[in-house]
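# Structural overview for review
Each chain, written out:
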Amino acid sequence: MEKIIQITSGRGPLECQWVVAKVLKTFLEETKDHSIEYEIIHRENGDENLTLKSVTLILKGKELTGFLKNWLGSICWTGKSTFRKLHKRSNWFIGVFELENVKKTDFNERDIRFQTTRSQGSGGQNVNKVNTAVRATHIPTGESVFVQDSRSQLENKKLSVPRLKEKVMAAYIQQLERKMKETWEHHLQVQRGNPVRTFSGTDFKKNYEDKSFRKQRNALKNELKNYKNDLN
């Protein structure tokens, strides 16, 4: 299973950007605990060092759905701003969203079609008489590059591969950014209240809510046991 996740400060202030960076660290630690692979495919740095406006990841794992139930939604950090000492606000919210209907673009050299042609422009008589230039096309996406840096066809072919990969990945990032914008338009602001996770303090302490009702079940078991003992 594979999913694309965005952790974002939305339109939040610098404090929220700091929370995004801290949440990312905690998030990645938990992916390791659950044997989930991750790849950071896009990040937007914040306005200060060690802050992030948003980060987008690809996650791969067998139990992603269950893992993400504890993450998707709003995340709250409770604490005083380290950037604005006199600021009265103490609750800061960010969002964790899934980017749906976006497929990762895989780049494989086997998907490249090479075409040779004559070089263009000045460069001596040999330039326009020999097919040394190369046009490389990534068949799945249709992206292409034209390379004529060298008089060697083989060298131009080698140069075209990394350039084409960069262009294909840039197009993929643009697709992601469009999808992130669409996602954000559905979440004009990160929902406040009822967060799926809460953290507190400058040490970013996790404040988990026990949703398993284990304590309640144990209490009921003990009460039932005592009741049976009374009957005996």
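Below or above, wherever it landed, is the structure these notes cover.

Moving on to helix H1 (residues 14-33). With 20 residues, H1 extends 30 Å from end C-alpha to end C-alpha; this agrees with the ideal 28 Å at 1.5 Å per step. Counting buried residues in H1 gives 15 out of 20 residues, a clear majority hidden from the surface. After H1 finishes, the residue Ser 35 shows a positive phi value of roughly 55°.

We now examine the packing of aromatic side chains. Across all of its chains, the model carries 6 aromatic pairs by this definition. Where Trp 18 meets Phe 204, the ring centres are 5.9 Å apart and the plane angle is 80°; that geometry is what we call edge-to-face. Residue Trp 18 is found in helix H1, and its partner Phe 204 is found in the loop between strand S9 (197-200) and strand S10 (205-207); the two are separated by 186 residues along the sequence. Residues Trp 18 and Phe 204 agree in their burial class; the two are buried. Among the aromatic residues, those joined into a ring-pair cluster are Trp 18, Phe 27, Phe 67, Trp 71, Trp 77, Phe 199 and Phe 204. Lys 157 extends its terminal NZ or CZ atom over the ring of Phe 114, reaching a point 4.6 Å from the ring centre.

Parameters at a glance
- Residues numbered from 1 in each chain as written.
- Predicted model: local features only at pLDDT ≥ 70, side-chain atom pairs only at ≥ 80, totals over all residues.
- Heavy atoms only, no water.
- Helix = DSSP H or I, 4+ residues; strand = E, 2+ residues; numbered from the N terminus.
- Expected span 1.5 Å × (residues − 1).
- Buried < 20%, exposed > 50% of the residue type's maximum accessible area, 1.4 Å probe, protein only.
- Phe/Tyr/Trp six-rings, centres within 6.5 Å; stacked < 30°, edge-to-face > 60°.
- Lys NZ or Arg CZ within 6 Å of the ring centre and 35° of its normal.

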